[in-house]
Each structure stands twice: as C-alpha cells, then as structure tokens.
Amino acid sequence: MADTILNVEHLNKNFGKKQVLKDVSFSVQTGHIVGLVGPNGAGKSTIMKAVLGLFNYASGKITIDGDPVSPTSHKAMDKVGALIEYPGIYPFLTGYQHLQLFSKDSTSKDQIMDIVDKMKMDSYINRKAKTYSLGMKQKLGIALALVDRPKFVILDEPMNGLDPQANKDLRTIILDLAKQGTTFLISSHILSELEKLIDDLVVIDKGQIVYTESMANLESGGKKLLVLKTSDDAKAKDLLAQNNYQLDDGDKLAVIENDQTKMADVIKLLSDNDIEIEDVQHVHSDLETSLLNLLKNDKVKES
Amino acid sequence: MITLVKQETFKLLHKKSTYAVSATLLIIMTIYAVLTKNYPKYWGAPQGQFVGMFTGATWIVFFMIAACSSIIAMEFQYGTIKELLYRKYYRGQILVSKWITMLLYSIYFYVLAFVWSLLLKVVLFNDKFQLSDTYQSGHSVIEAQWLGIIGTFLTVWLVLSLVLLLANIFKSTAAAISIGIIGYFALSIISNVMFLLMQKWEWLKWNPLNMMNLPQQLLSDSVHKMTLLSTPEMVCGSLVYTAIFMAISYVVFKRRSV
Ligand SMILES: Nc1ncnc2c1ncn2[C@@H]1O[C@H](COP(=O)(O)OP(=O)(O)OP(=O)(O)O)[C@@H](O)[C@H]1O
Ligand SMILES: [Mg+2]
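Quick look at the structure, then. (Residues numbered from 1 in each chain as written. Chains lettered and ligands numbered in written order. Predicted model: local features only at pLDDT ≥ 70, side-chain atom pairs only at ≥ 80, totals over all residues. Heavy atoms only, no water.)

**With respect to the site of ligand 1**
All names here are of chain A.
Here is step 1: Around ligand 1, a shell composed of 14 residues is seen, among which G41, K44, S45, T46 and H189 lie nearest.
Here is step 2: Between ligand 1 and G41 there is a distance of 2.8 Å, counted from an oxygen atom to a backbone nitrogen or oxygen.
Here is step 3: Notes on ligand 1: free accessible area 640 Å², of which the protein chains cover 64%.
Here is step 4: Of all the secondary-structure elements, those providing two or more residues to the shell around ligand 1 are strand 2 (18-29) and helix 1 (44-51). (Near = heavy atom within 4 Å. Polar contact = N/O pair within 3.5 Å; in protein donor to acceptor, adjacent residues only side chain to side chain. Areas by Shrake-Rupley, 256 points an atom, 1.4 Å probe, with all protein chains shown as cover. Helix = DSSP H or I, 4+ residues; strand = E, 2+ residues; numbered from the N terminus.)

Listed below in structure tokens is the structure:
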C-alpha cells in the first residue's frame, strides 16, 4: 500500500434523497498527477470535499497515506493542500496576509515568497484582496493550496479564469512539484490543458466511476488517422479498400493508421492511379474526443 | 487551539472596522461626558453617567453583537469556511477558537470603556463627585459601576450566545444582528407585561428575558420583587442559558455540510 496515497473505497453519499455518489472506488498513486473529469454535476467536487473530510458520507472508506479521513478524523489533513470550487478570500486582507494566515508556523517567509514568485503574483501580493480580479483570486487560491508544500494536493478546476501565460506557469509548477514527489488530484473541464499534465485519468458520470486508466494506455488506445483530400474521393476510397487499407467510417476519406501504414505508399498508390492529392493530415484522437465518445457510450443510467 | 485563536485575532486586527469601532466608542463616551458636564439638567447626574460608562455599556452591546455575527457569518459569505475546515483541526476547535476570540474582544471593550470612563471622570468631573461617594443601595459609585459591568457582561453573553447561534443557522450577518439587537432591547418594552405574567405563572420567571434584569438587580435589591429570582439564581440562569445556546451552536456547526 506504500505507493498509493489516496484510497477511496465504496463511497456513497446522499444529499437528502438524491444519491450523489454511488459506490465510488479509486486510488491515487503517490507522485502521480491524476485527472478527475466528468460532466457538470457528476460529483467531482463532492468527491474532493469528502476526501478533505468536509462531509459525512453514508458509507465507504477514505484513507490518505493510510490514515482514515472523515469529518471527525482530520489527522491526515496535515499533508494536504486544496482549492475547492472557488477560492475563499477575505476582502480585507492582502494576498500575503492570506498566505501568512493559512500557512503553517513551520513555513518560512522565503517559502511564501517562493510560491508568490512562481505564480507571478509579486506586483499585487501586498494589495487588499478585494481589489483582485477573478484570475488574481484564483492564483491566490492555488498559492494557498501549495504554500505549505503538502504531499498531496487537490485542485478543483484550477485553470478557471487563468490567462494563457498563467496556465503555462501553473503547468510548470505542477509538473515540477510532481517530479519532486507531490501527488495531485485535479479536476478540470479544459481537457486540452489537463491532457498535458496528467498521468492517470478517472472519469465520473452521474456519481459513478465509469473509467479509470493511465494516460499511456488511453493514448495508445486512440485511433490515428490519415485524412486525405483528393480530386476523386469516391474512387480513392474504393482503391484503398481494395489494397487492404482500413478506412474510417466518417464522411471524409480517412485511413486508419497502424504500424505498417506508410504515407508514401498511400500517396504512390493514389498518384499511380491518376488521383490528385490536394491535402494530407495526420489526426490524433485527443482526450476530448476519447472522453466524449466514452461518455456518449457509457451505460450509466440516471436513477 | 492557541494557533487558531491567533488566526482569528489576526483577522480581527486586520479589519479596519475593529479600529473604527473602538474609536467610535471613545468618541461617543466623550461626547456624552461633555454634554453631561455642560447640561447636567438634561443628561442627569454625572454619577449615573459614570456608572453607565457614559453610555459605553450600551454601545458595547451593539458592537459585540455585530462582531459575533460577523465572525461566524463572514466565513460562509466569503467562502473561506472550506479553507478553515479542511485543515488538521476539528470543527469544534474552529468554533471554540472563535468564541474565545470574541470573549477576549468583549473583555477588551469593557477594559477600554472602564479606563476611558475613569479618565473622563478625572478630567471633567474631578470636583463633582468622588468614586467612594455613596450611589445607590449603600453601594459606592465605583462599586456600582463594577456591579453594572459584571451584570451586563453576563447578560450580554447570554445575548451573544444567541447571536452566535443565529449566525450559524442563517449564515447571514444581517439576520443575526437584527434579532440580537431587537432581542436585547425588546426587554425594556415587554418587561412590564412579562412581570405581570410572572405574577400569574411563577415558573415563567425562568425565561431567558428575565435573566436580562441581572444588572439592575445587582444594583438594587428591590428588583428582586419583580424578577422573583435571587441574584445567585439569576447568575446561574444566565450561565445555563448561555451554555445551552452555545451547545446548540456547536451541534449545528458540526453537522453542517459545506
Ligand atoms: N450542498 C448540496 N446540497 C444538495 N445537492 C448538492 C449539494 N452539493 C452538490 N449537490 C449535488 O451533487 C451533485 C454533484 O455535485 P458536484 O458539485 O460534486 O458536481 P461537479 O462534478 O463538481 O460539477 P461541476 O463540473 O459543475 O463542478 C449535483 O447533482 C449537485 O446538484
Ligand atoms: Mg465542481
């Protein structure tokens, strides 16, 4: 068990009569960056709050680093930093005072300034937070989650409101920390960003885990396509099919690539048959496409 | 726990309103003292004003009601409650640290008003009366002031425990403040009716509003005929009601989903 930092087993949670989490089980490997994705209202924030000991839950077991977590058992929280939904901010304090207030006594000034520096918040860190923009508040929320250098960091939609540069900075910080052994559980709807970060993916829909997989497996599972535009697509389709190329079902002329597919062969075949090639594109199925397919096909029924 | 109280104090000390309120208290007390000196006919004897800390005692109630409702409700309003609660501390500890901070804050107010009233007495009324002069029911002026402070302190905390509870339930400053203030001042309006009813049904003497007469009873024994309770009974009654309201707050806060 030494290599899993978070373990969630058979977690059930109700809000009144509505069952929001149904038998949720997953685990997070130490040092990994895990993405938690799913449609609005799927239960991502709810899972994160339960993991932080903010909720009572009907049944199930949550452990962080071996220590059980519940509203009455918070020992493990010492190792955890989090940003849930939107950052909580006192308008009458400055950014720096927030970091001072919420950081542990063992966290030095240099450590505070280090995260301020990395998040590029220097220019406004001594201004009152009520003057902050949405993105500035978001950055402060992230800084608050990271300032104590926790072992395990939970970020709920951290990219919310961040500009492209800040997004890139955040990515660098997360990847750096992960290299040093920090574990992350991150939820986001910006899949193109998340894709660049995560090692593993947990997909949740309507309160149930529908998919857990490592990114490496997910990527290798995706189709690679060679999309062609020619002077006579219909003829090209027939020709390629006759030559044992696998074609994609869509409207476009697309060859499903495998290890043997060579672009040069395809081009040669077509030009030998007097078909002009106007455009060639490699298309990778990305996280977004895979995920949308997954959620479209999934068998979870609303109860 | 000390860390938590320190954090609450940190927040309190970085609010501008904290300083504004202290300054306001001193200014109002000074204004009343000056008016009393110049127009004694309208403002009553300086001894009486001194015993009531130049109306400071009343203003402290307002300020503490506002402070207690905001220390709880602001966390919900600003969404900082999650940050407070996910840490290694327990919910109960978070709540108790807020109570302790407010207790310290109320003590601070009373000390401030007491010292300032002494100062005003020395500067403005040094030749008018002595602290050792007899004031009422054989109590000297300074004794009367102290009895008043002790009495209001206990009753104020009875009100504050209710305010803390309401702020917890409604998560809103406005609701807790209005009910707290109305509750505190409703006493003077309905006390006559209450005393009448108590003559008929004696057990009504144990209702929390009756405990609010403690400061008056401490000063003059005759009030006992109306409240039907002995002074120790009233002190215990106030403490018990305070404890009950605190206990309900504690349970509500522990159960709350955030
Ligand atoms: N305090 C609450 N009381 C009642 N229902 C709630 C409460 N909080 C969340 N829910 C319900 O729980 C479900 C899951 O909510 P949750 O906030 O976890 O979704 P999410 O996956 O984080 O969605 P999003 O992508 O929009 O952030 C939703 O159906 C929501 O209506
Ligand atoms: Mg959410």
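Structure shown, so let's carry the discussion forward.
**Structural notes on the interface of chain A and chain B**
Here is step 1: In this complex, chain A contributes 31 residues to the contact, which on the side of chain B involves 24 residues.
Here is step 2: Of the roughly 2,500 Å² buried at the junction of chain A and chain B (both faces included), carbon and sulfur atoms supply 59%.
Here is step 3: A per-residue breakdown of the area chain A buries against chain B is headed by L54, Y90 and F92 of chain A, which together make up 25% of the total.
Here is step 4: Viewed at the interface, chain B and chain A are joined by one salt bridge.
Here is step 5: K88 of chain B is the salt-bridge partner of D78 of chain A, the closest N and O atoms lying 3.8 Å from each other.
Here is step 6: Of all the secondary-structure elements, those providing two or more residues to the side of chain A that touches chain B are strand 6 (80-83) and helix 2 (95-102) of chain A.
Here is step 7: The class makeup of the residues in the side of chain A that touches chain B is 18 nonpolar, seven polar and six charged. (Contact = heavy atoms within 4.5 Å. Buried area = accessible area lost by both parts, 1.4 Å probe. Salt bridge = Lys/Arg side-chain N within 4 Å of Asp/Glu carboxyl O. Nonpolar A, V, L, I, M, F, W, Y, C, P; charged D, E, K, R; others polar.)

**Looking at a negative patch on the surface**
All names here are of chain A.
Here is step 1: A cluster of acidic residues, D232, D233, D238, E276, E278 and D279, forms a negative patch on the protein surface.
Here is step 2: Listing elements by their share of the negative patch, those giving two or more residues are helix 8 (233-242) and strand 13 (277-284).
Here is step 3: Within the fold, D279 resides in strand 13.
Here is step 4: D279 gets classed as partly exposed once you look at its relative accessible area, which sits at 37%. (Patch = residues over 30% accessible without salt bridge, like charges linked within 9 Å, V, L, I, M, F, W, Y side chains within 5 Å. Lys, Arg positive; Asp, Glu negative; His and termini not counted. Charge placed at Lys NZ, Arg CZ, Asp CG, Glu CD. Buried < 20%, exposed > 50% of the residue type's maximum accessible area, 1.4 Å probe, protein only.)

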